[in-house]
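Listed below, chain by chain, are the residues.
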Amino acid sequence: MWPVNTEKTPKLLHMTNQDWEIALTQANPTDLLPQRVGAIPYSIQAPLTLIDSLPIASDSRICIVVDSSGKYFSLPLLLRNGRVKRAEPGEGLAQAISDFPIGIHYLGNFTLSVKNQKNVSGERSMGVDQTEESIVVGEEIVVKYFSQVTDSTFTSLPKIEALDNAHLPFIPKSFLNLEWRDSGSHFLLAQASAYIPGAVDGWTWAIQDVQEFLDGHQTLDQAAQCGVVLGEILAGMHLAFTACSSSIATDFDVAQWVELSLRDLDLAGSDHNETINLYRSKIESILASAHLDSPQRLSFTHGDLHVGQFLRTPEGKYFVIDFDGNPVADPSEAPNRQPLLQDLSSLIQSIDHVARVVDKRRNYSRAQDLQKWITSTQRLLMSTYKGLCDQDVDSQLMKIFQIQQECREFIYAQKHLPVWRYVPEAAMAALMKENE
Ligand code: ADP
Ligand code: MG
């Protein structure tokens, strides 16, 4: 099925390239992106032009296309009866990629690096709404396709490598990476790691814990224990990152953090955002007073850390996933010079977000109990992290990142998920109240 021999690739490409090119110009590009449920997909403009492609079978390819605005996309596609469509779970494309033997495979301008392999069969959708699509292969492997073509340096790859070297029990085993090479740079197109059976993410398990606390099935202490686990995992992950790369922030870095936060503040406030309007001057004065009181470490970071990135199995084992970075952040910053404090801050804010979701579900009738859970869980997370990680936690500097995180939640709601807006509205208000 696969063009294992690199020399065959151009021939196979040549044979049907024109059919693919024509079909792509005629396609509705949005149909070729991961389909969203109640969320807004990436913006992509017709017509599409084929730049390169990796044949998988006679009718399927990973295509690199450029849209009319000049943006590059990577799409797993099928060509049938002169029309292109996105490859669906069950049509074998993800499985064909996972079937490749361990080793590095050079396929034209594409490189498939296989670290682990399992002979399994069957494909299904992950069954969750995602910006990028993940396919479960044989209930053992998750293949995640990236539509946006990003330089590998700014993707999950260097982070996963650092974590792999540390053999951490809470990182799913890595299987393979598919990259595309252009003008000397590499771009990540797909990544596969172990599927964790029966696991649910924090938007399910943390919400369940809180609901059980509200219903009297868990004590506050029990429901807040996840703070300890999250703190332990975050410390373990940061120690593995700093073992690979570590530096200390300067005043220049602080100025840059403030500048980026101000940029996010402007974006968050760009659509008549009442919350931002109300707190803008206060936020600006908090940001203006930011300074270094203690050494702050820079390294790789998870980059998009929230409870939804922590899977919990029915046996109570936890895993961290999704090192692709924040969907609304600028991916051009040095990936190994990120403030560790940012991961801590975004995770702390997501504890607040869990409670906001439950608050809405309970018609805002249990605000006091929910505040108790937020405070206890955040305290446990912070103290566990501080105890294990040799990192000074400066709460004044943390504010920069907590505010920035709430701005990013607003931007995410604007760009992808309008129904999410009530969460940063409540969380930003709470953050500003703390500062009174
Ligand atoms: P996104 O970039 O859309 O956040 P993720 O990679 O975080 O995508 O995956 C989305 C969801 O898919 C997760 O929250 C989880 O429910 C499920 N998932 C992802 N990876 C795994 C895995 N390795 N094992 C089990 N479930 C997973
Ligand atoms: Mg995720």
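The shown structure was predicted, so the numbers you read here are calculated from the model rather than taken from an experiment.

## Thoughts on the side chain of R362
- Position of R362 among the secondary structure elements: in the loop between α9 (340–361) and α10 (367–388).
- A distance of 2.9 Å separates polar atoms of two side chains, one belonging to R362 and the other to D215.
- In contact with R362, not counting residues within four places along its chain, are Q211, L214 and D215.

## Side note on α9
- Helix length check: α9 (22 residues) gives 33 Å between terminal C-alpha atoms against 32 Å at 1.5 Å per residue, within 8%.
- Counting buried positions over the 22 residues of α9 gives 20, a clear majority of the element.

## A closer look at the coordination of the magnesium ion (ligand 2)
- Coordination of the magnesium ion (ligand 2) by the protein involves Q309 (OE1) and D322 (OD), with metal-donor separations of 2.2 to 2.4 Å. Taken as a pair, Q309 in the loop between β14 (297–299) and β15 (310–312) and D322 in the loop between β16 (318–320) and β17 (338–339) lie far apart in primary sequence, 13 residues in all.

## Quick notes on the confidence of the model for the protein chain
- Scored by pLDDT, the protein chain has a mean of 93; 97% of the residues are at 70 or more.
- Note on residues 1–15: pLDDT is under 50 here. Beyond four places in sequence and across chains, it has 27 contacts.

## Observations regarding the packing of helix α11 (residues 395–415) against helix α12 (residues 422–434)
- Interaxial distance between α11 and α12 falls to 9 Å at its minimum, and their mutual angle equals 160°. Looking at the two axes, α11 sits roughly antiparallel to α12. Note that α11 runs across α12; the crossing there is left-handed. Taking contact as the criterion, the partners of K399, Q402, I403, E406, C407, E409 and F410 in α11 are, on α12, P424, E425, A427, M428, L431, M432 and E434.

## Some thoughts on the nonpolar core
- Among the nonpolar cores identified, the biggest contains 75 residues, and M237, V320, L344, W373 and M428 are the most heavily contacted of them.
- Lining this core are residues from two domains, each supplying at least three of them: domain 1 (4–194) and domain 2 (200–434).
- Discounting chain neighbours no more than four positions away, the residues touching W373 are V210, F213, L220, A223, A224, C226, I351, V354 and A355.
- Counting residues in each nonpolar core, the second largest holds 31 residues, with I62, I64, I97 and L178 among its members.

## What to know about the sheet that holds β14
- As summarised here, the arrangement of the three strands in space is β13-β14-β17, forming an open sheet in which the pairing is antiparallel. Across the chains shown, the open sheet's two edge strands, defined by having one partner strand only, are β13 (247–248) and β17.
- Bridge count between β13 and β14: two bridges; the pairing is antiparallel. Counted as the bridge partner of S247 is L298 from β14.

## Quick notes on the pattern of salt bridges
- Under the criterion given, the structure shown has 23 salt bridges.
- Residue R80 pairs with E91 through a salt bridge whose shortest N-O separation is 3.6 Å. Placement of the pair is R80 in strand β3 (residues 72–80) and E91 in the loop between β4 (83–86) and α2 (93–98), with a sequence separation of 11 residues.
- Of the residues examined, R80 reaches a relative accessible area of 39% and is grouped as partly exposed.

Basis of the calculations
- Residues numbered from 1 in each chain as written.
- Chains lettered and ligands numbered in written order.
- Predicted model: local features only at pLDDT ≥ 70, side-chain atom pairs only at ≥ 80, totals over all residues.
- Heavy atoms only, no water.
- Helix = DSSP H or I, 4+ residues; strand = E, 2+ residues; numbered from the N terminus.
- Polar contact = N/O pair within 3.5 Å; in protein donor to acceptor, adjacent residues only side chain to side chain.
- Contact = heavy atoms within 4.5 Å.
- Expected span 1.5 Å × (residues − 1).
- Buried < 20%, exposed > 50% of the residue type's maximum accessible area, 1.4 Å probe, protein only.
- Donors = N, O, S within 2.8 Å, 3.2 Å for Na, K, Ca; no water.
- pLDDT = per-residue confidence, 0-100.
- Axes fitted to C-alpha atoms, helices over the stretch in contact; angles between N-to-C directions.
- Parallel < 35°, antiparallel > 145°, perpendicular 65-115°, else oblique.
- Left-handed = near helix turned anticlockwise from the far one by under 90°.
- Core = buried A, V, L, I, M, F, W, Y, C linked by side-chain atoms within 4.5 Å.
- Domains from an automatic or database assignment.
- Pairing = 2+ DSSP bridges.
- Salt bridge = Lys/Arg side-chain N within 4 Å of Asp/Glu carboxyl O.

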